[in-house]
Amino acid sequence: MKRTTLSLFAGATALAAVTGFAAVSAPGDSGAATTEPAATLPVERTGLLCPAPSNSDLAETSYTSFTPVTKGADEKGTAALEAATAESEGEKDGKGEEKGSKGEKSGDKAGEPVVQPEEPGTPATGKTSGGDAPALIGTAAGSHAPGWTVQQTTEVAAGTGRGLLGLNCTAPDTEFWFPGASTATGRTDYVHLTNPDDSAAVVDIELYGKDGALKSTVGEGITVPPNSSESLLLSTLSDVEETDVTVHVGVRSGRLGAAVQALDDKTGGDWLTAAADPASDLVLPGIPKDATSVRLVLFTPGGSDADLKVRLASPSGLITPAGHETVHVKAGMTTGVDLGEITRGEAGSLVLTPTSGAVPVVAAVRVVRGKGGEQESAFIPASDPVAARATSADNRAKSTTLSVAAPDRTAKVKVTASAGTEGGTTATKTFTIKGGTTQNVEAPVPAGLEGTYALTVETVSGGPVYASRTLTGEDDDVASFTVQTLPDDRGMVSVPKAEEDLSVLQK
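What counts and how
- Residues numbered from 1 in each chain as written.
- Predicted model: local features only at pLDDT ≥ 70, side-chain atom pairs only at ≥ 80, totals over all residues.
- Heavy atoms only, no water.
- Salt bridge = Lys/Arg side-chain N within 4 Å of Asp/Glu carboxyl O.
- Helix = DSSP H or I, 4+ residues; strand = E, 2+ residues; numbered from the N terminus.
- Buried < 20%, exposed > 50% of the residue type's maximum accessible area, 1.4 Å probe, protein only.
- Pairing = 2+ DSSP bridges.
- Axes fitted to C-alpha atoms, helices over the stretch in contact; angles between N-to-C directions.

Caption draft 1: Structural context of the pattern of salt bridges. Within the structure shown, the criterion is met by twelve salt bridges. Notably, a salt bridge pairs R255 with D197, separated by 2.9 Å at the nearest N-O pair. With R255 in the loop between β17 (245–253) and β18 (257–264) and D197 in the loop between β12 (187–195) and β13 (201–209), this residue pair connects regions lying 58 residues apart in the sequence. For R255, a relative accessible area of 30% puts it in the partly exposed group. Across the salt bridge formed by D290 and R369, the nearest N and O atoms sit 2.9 Å from each other. Residue D290 is found in the loop between β20 (282–287) and β21 (291–299), and its partner R369 is found in strand β27 (residues 362–369); the two are separated by 79 residues along the sequence. Exposure remark for R369: the relative accessible area of 13% places this residue in the buried category. Linked by salt bridges that have partners in common, D244, R295 and D338 make up one network.

Caption draft 2: The arrangement of the sheet that holds strand β8 (residues 136–142) in detail. Taken together, the three strands give an open sheet; going across it, the order is β2-β8-β4, and neighbouring strands pair in antiparallel fashion. For this open sheet the edge positions go to β2 (45–50) and β4 (77–83), each flanked by a neighbour on one side alone. Recorded for the sheet is a direction-independent mean angle of 10° between the axes of neighbouring strands. Two elements, β2 and β8, share six bridges in a ladder whose sense is antiparallel. The residue of β8 that forms the bridge with T46 is A140.

Put into structure tokens, the structure is as follows:
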């Protein structure tokens, strides 16, 4: 995905943000220029998009907004999350035609912030209920922008897609890959598209199954109106039933937020968020230690097959799972592999590396916890590393598991718990993650905690580091859960320094 959340600069500085350096030469000089290393500065403005959470009347959704304190950020700032102003009433098929009433238009609630973000360092929450809650469009500037994170968490008591559904609201982008979707009987998957801009966006949606592209006449040239959100049922884009489908969302004009809501008749539902950009080396961090079923889904968008080595980074080191040492991915075709109870009671992250030749791949795993009638499912896409800092909002003292993996070199990380939404003081711990391992760390909890809190993970040394957060439901008898990966929170941007000899202008 092409990241578009950048600070705004002009002239040579804007060019430098793309090229990584800036050089300015005075007229008539020898052509030599003075260049200096880029400086890292806090972003000045960012945007986040949250899809409509559920069409269930039993849905209860909470939003948690948090901006970590960032050195060098502006002293003043603003942030707001508001309903998309032009969301349509009904779910759409691939032709943009309504497929039944969904309830109240989000435009009816336009201008009413769902969450009023607090000052940096303090999380804030807001709630909605029922099946007519709208998609949200958020913007933050100044001190509120660097690392701004919003977690959307929905609890559905019964029915298709029951359980805990969660995602980090995402920045707008122009391309998304979702391996792990399905059009099989028993699955009801929707792709949600949210347009934050004042002009329409035009989108192409492609589906790929085990034998290649699924035929569709309605996935091209889909228009998403300005400041609006659309949800499209995947089975209306193709009538082919496939257990494993890769969804590709490509934006012809404009930009969007995109996510897939995967609802299962037997194992509940969750959000499938976009996988990391196609790459030959991938890490899928934080598979729950009590997973009863893990299914790996892969797709290579290029013209070459990919052969990958499959390893599990466990607490004791890298392990090659018996019977699944390698996986072959045919070009343009989706491959699904059942890995069973691969974690066997220990923390684990999947590490995929090429056996020969670097072929870009996208990947995700579908994880099931529980057995019988008390099963729930969630998704973990391949993730980018934590890099400088990653942020997770909406954590709860007895329901949060933080998983950190260092698949290559040993790394040291600092984990900070914010104050609670209703009270409590910050706490910090430092952990050393041995190379080739995954650890479920004992994350700090705010002293005197009231409400929920945020966690930030910072790389101190070594690495790279990958992380995810698992949030479980409050009912101990039900295996409801959701997992969010923690890539870098985009709080900083590299800005080059440039010098120019202006002495010639004085002659």
